[in-house]
Amino acid sequence: MQFMTQRWEDLIFLHWDWPIDEIKKSLPSDLELDLHDDKGWISVAAFRLANLRISPCRFIRWKDFYEINLRTYVKDRNGKSGVWFYSLDSSDLTATLGARMLYGLPYKKAKIMRAENKDGVEYTSARAALFGGANAKIQRPRIDPLQVEADDQITRFLLERYCFWSKAGWARHSKPSFVEHRPYKGKILNECKYTGELFKSQGFCEPTRGPVISHFDSGFDVSATAPPWLSGITGQANQRLVV
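Now for a quick tour of the structure. (Residues numbered from 1 in each chain as written. Predicted model: local features only at pLDDT ≥ 70, side-chain atom pairs only at ≥ 80, totals over all residues. Heavy atoms only, no water.)

1. Things to note about the environment of Q139
In step 1: Take Q139: it is sitting in strand β8 (residues 135-141).
In step 2: Spatially, the C-alpha atoms of Q139 and L14 are 9.7 Å apart, while their sequence positions differ by 125 residues.
In step 3: Sequence-distant contacts of Q139, defined by excluding residues within four places in its chain, comprise V121, E122, E191, C192 and K193.
In step 4: One polar contact links Q139 to E122, side chain to side chain, over a distance of 2.9 Å. (Helix = DSSP H or I, 4+ residues; strand = E, 2+ residues; numbered from the N terminus. Contact = heavy atoms within 4.5 Å. Polar contact = N/O pair within 3.5 Å; in protein donor to acceptor, adjacent residues only side chain to side chain.)

This is how it looks when you write it as structure tokens:
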């Protein structure tokens, strides 16, 4: 049985190439930086999370909420690639506390608003002071429905990630969890903008230039495995759902 299902909608990704040494210093010792074109990458993602259901209490209906996260791209010592999250800001307090408890992910409560006008979409976020405080604004232009989906190497490297690692405070090692969904239908966007304090809150300098590349996907259904510690208790095999 799927442990968790949800839907991700109106996904925006802004990507920057970043000094390799700076990213390496920020990673757990059991993970390696995954490079594309001999470069490290850090991304900001914003989206709406809908239809969240968690087993065995799938009858509980969660409110939809917004998320903004800061991530980089890693692989383990066996070469399995995935994502390392520096921060995940959520507009839902219960989801924030639940994800921190279940997966050990660095979720933080924030007030996140989404606004749409004739020019495009804007996400604004203000992280609660209890979680360290940090503001962010992400803007994208309107989407051309006739635009062709991208299928180049950099797009696949940045988007097609079906594993994420986390490390709870008491854990000795980082542990993987896995998601399953259809392949991204990413469209490359121009004129996406970010301002804020997400990078600064994680010890990086804020970008002084726009993203190298940005992507949009309208959304898709997602399923996720149980956190590794719970898989061990229940006997569920916590392995990748799609090879």
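2. With respect to helix α2 (residues 93-103)
In step 1: Among the residues of α2, A95, T96, G98, A99, L102 and Y103 are the ones counted as buried.
In step 2: The N-cap of α2, judged by a side-chain oxygen 3.0 Å from the amide nitrogen of T94 a few residues on, is D92.
In step 3: Among the residues trailing α2, G104 stands out with phi positive, at a value near 70°. (Buried < 20%, exposed > 50% of the residue type's maximum accessible area, 1.4 Å probe, protein only.)

3. Observations regarding the nonpolar core
In step 1: Formed by 36 residues in total, the largest nonpolar core has its most connected members in F3, W8 and Y103.
In step 2: Counting only elements with at least two residues in this core, the list comes to β1 (4-18), β3 (40-54), β4 (65-75), β5 (81-90), α2, α3 (153-159) and β13 (213-224).
In step 3: Formed by 32 residues, the second largest nonpolar core is a distinct cluster that contains I12, L70, Y86 and C192. (Core = buried A, V, L, I, M, F, W, Y, C linked by side-chain atoms within 4.5 Å.)

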